[in-house]
Amino acid sequence: MNQQPSAFEIPVALVRDYQQINRELIQALDSGHRLIRLTEVEGQRLLASRLRGSWSAVIEVLGNAGPELASELDAPEVTIFCRGSAADGAGRGLRSGRLVISDGAGDALGALMVGGTIIVRGKAGHRAGLRQRGGSLVLLGGAGRLLADRQSGGLIFVESNQITSASGRGRSKGRLVPLPDPLRKIDSLATEDANALSIALEGLPDAFFLAFDPKPQNE
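Residues numbered from 1 in each chain as written. Predicted model: local features only at pLDDT ≥ 70, side-chain atom pairs only at ≥ 80, totals over all residues. Heavy atoms only, no water.

A. Highlighting the sheet that holds strand β6 (residues 117–120). Judged by pairing direction, the sheet is parallel, and its nine strands sit side by side in the order β1-β2-β3-β4-β5-β6-β7-β8-β9 without closing on themselves. Here the strands that pair on one side only, and so sit at the sheet edges, are β1 (8–11) and β9 (173–178). Going from strand to strand, the sheet's axes swing by 15° on average, the running direction of each strand aside. Two strands pair when backbone bridges link them, and strand β8 (residues 152–158) and β9 are joined in this way by five bridges, in the parallel orientation. Residue Ile156 lies in a different strand from β9, and its bridge partner there is Leu176. Of the strands in this sheet, β1, β2 (35–42) and β3 (56–64) are in contact with helix α1 (residues 18–30), which crosses β2 at around 165°. The sheet strands contacting helix α2 (residues 191–201) are β5 (96–101), β6, β7 (136–139), β8 and β9, and the helix crosses β8 at an angle near 75°. (Pairing = 2+ DSSP bridges. Helix = DSSP H or I, 4+ residues; strand = E, 2+ residues; numbered from the N terminus. Axes fitted to C-alpha atoms, helices over the stretch in contact; angles between N-to-C directions. Contact = heavy atoms within 4.5 Å.)

B. Structural detail: the side chain of Gln44. Summarising the element assignment, Gln44 is placed in the loop between β2 and β3. A distance of 2.7 Å separates a polar side-chain atom of Gln44 from the backbone nitrogen of Glu42. (Polar contact = N/O pair within 3.5 Å; in protein donor to acceptor, adjacent residues only side chain to side chain.)

C. Representation of the pattern of salt bridges within the structure. What the rule picks out here adds up to 11 salt bridges. Linking Arg37 and Glu60 is a salt bridge whose minimum nitrogen-to-oxygen distance equals 2.5 Å. Of the two residues, Arg37 is situated in strand β2 and Glu60 in strand β3; the sequence distance between them amounts to 23 residues. Accessibility expressed as a relative area gives 25% for Arg37, which makes it partly exposed. Relative accessible area serves as the criterion here: at 9%, Glu60 is assigned to the buried category. The partner of Glu72 in a salt bridge is Arg92, with the nearest N and O atoms 3.3 Å apart. With Glu72 in the loop between β3 and β4 (74–82) and Arg92 in the loop between β4 and β5, the pair connects residues that are 20 residues apart, well separated along the chain. (Salt bridge = Lys/Arg side-chain N within 4 Å of Asp/Glu carboxyl O. Buried < 20%, exposed > 50% of the residue type's maximum accessible area, 1.4 Å probe, protein only.)

D. Local environment of the nonpolar core. Core analysis: the largest hydrophobic core is formed by 44 residues, its most contacted members being Leu38, Leu69, Leu109 and Leu139. Contributions of two or more residues to this core are made by α1, β2, β3, β4, β5, β6, β7 and β8. Contact partners of Leu69, with chain neighbours within four places excluded, come to Leu47, Val61, Cys82, Ala86, Ala90, Gly91 and Leu99. (Core = buried A, V, L, I, M, F, W, Y, C linked by side-chain atoms within 4.5 Å.)

E. Seen up close, the packing of aromatic side chains. Applying the stated criterion across every chain yields a total of two aromatic pairs. Ring centres 5.8 Å apart and planes at 85° place the aromatic pair Phe81 and Phe208 in the edge-to-face group. One end of the pair, Phe81, is in strand β4; the other, Phe208, is in the segment after α2, and 127 residues separate them in sequence. Of the two residues examined, Phe81 and Phe208, each falls in the buried class. For the pair Phe208 and Phe209, a centre-to-centre distance of 5.3 Å together with 80° between the ring planes defines the contact as edge-to-face. Classification of Phe208 by relative accessible area gives buried; the value is 3%. Residue classification places Phe209 among the buried residues on the basis of a relative accessible area of 12%. Clustering of aromatic rings is evident, with ring pairs tying together Phe81, Phe208 and Phe209. (Phe/Tyr/Trp six-rings, centres within 6.5 Å; stacked < 30°, edge-to-face > 60°.)

F. Layout of α2. Those residues of α2 that fall on the buried side of the exposure criterion are Asp193, Ala194, Ala196, Leu197, Ala200 and Leu201. Buried residues of α2, viewed axially, fall in a sector of 165°; they line one side. Along α2, the residues that are exposed and aim more than 90 degrees away from the buried face are Thr191, Glu192 and Ile199. Where α2 is buried, its residues meet β5, β6, β7, β8 and β9. (Arc of directions from axis to C-beta.)

As C-alpha cells, this is what we get:
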C-alpha cells in the first residue's frame, strides 16, 4: 500500500504577519514537503497568496481562513485544501493550481481568475466569478446574488436552481453550467464540460461528496 507522506506543520495562531507565514510555507515547499498543514488558522488574510512554482504538494488549511486565501496562486501541481471556511476574495486572480474549500466562502470568490480550479462545498457569497476570465469554478453549495457578474471566460458549475435572471450580468464570454444531479452522473454533461468537471474533482476524498452524491441504500 502507498503510504501517505508525513505532514510538515506550520502553526499560525499567534502569527499575524501573512508574509512571514508564506515565507515559511515557501521554504517547506522548496524543501520538498508534499503535505503541509497550516494549523490553528483563524482569520489570517492572504494565506498561501502569490505562490508561484513547480512544486507538487497539498497544503491543508486547518481552520477558517481570512480574506484572499490563495489569491494569485500560480502553481499547477499544488492543491490548497481549506478544511473550514474562507472569507471574501478567496482565489482572486488564480492562474493555476486548485483551491478546495470545505465550508462556505465569502463574496467575490474567484474574482479575476484566469485559470486553475476552485471548488466550494458550502455556499459561496455574492458575486462569485466576478470578472472571471478562465479556469473552472465549482459551486457545490450554491452562491449569492450576481453570480458570474461580468464574466469573460471560464466555466462556472452550479446547481441549476441557482442560475437566475441576475446571473451573468454583463457577461461577454464564459459559461454557467448546471451541475449534474446526482453529482456522480458527470457523463450526462456535454463532453467538454464533463472533462473539465472530472479534472476539477479528481483525487478528492469520497467523504467530500457525501452530501451531494448519496449512494443507493441496500435493499
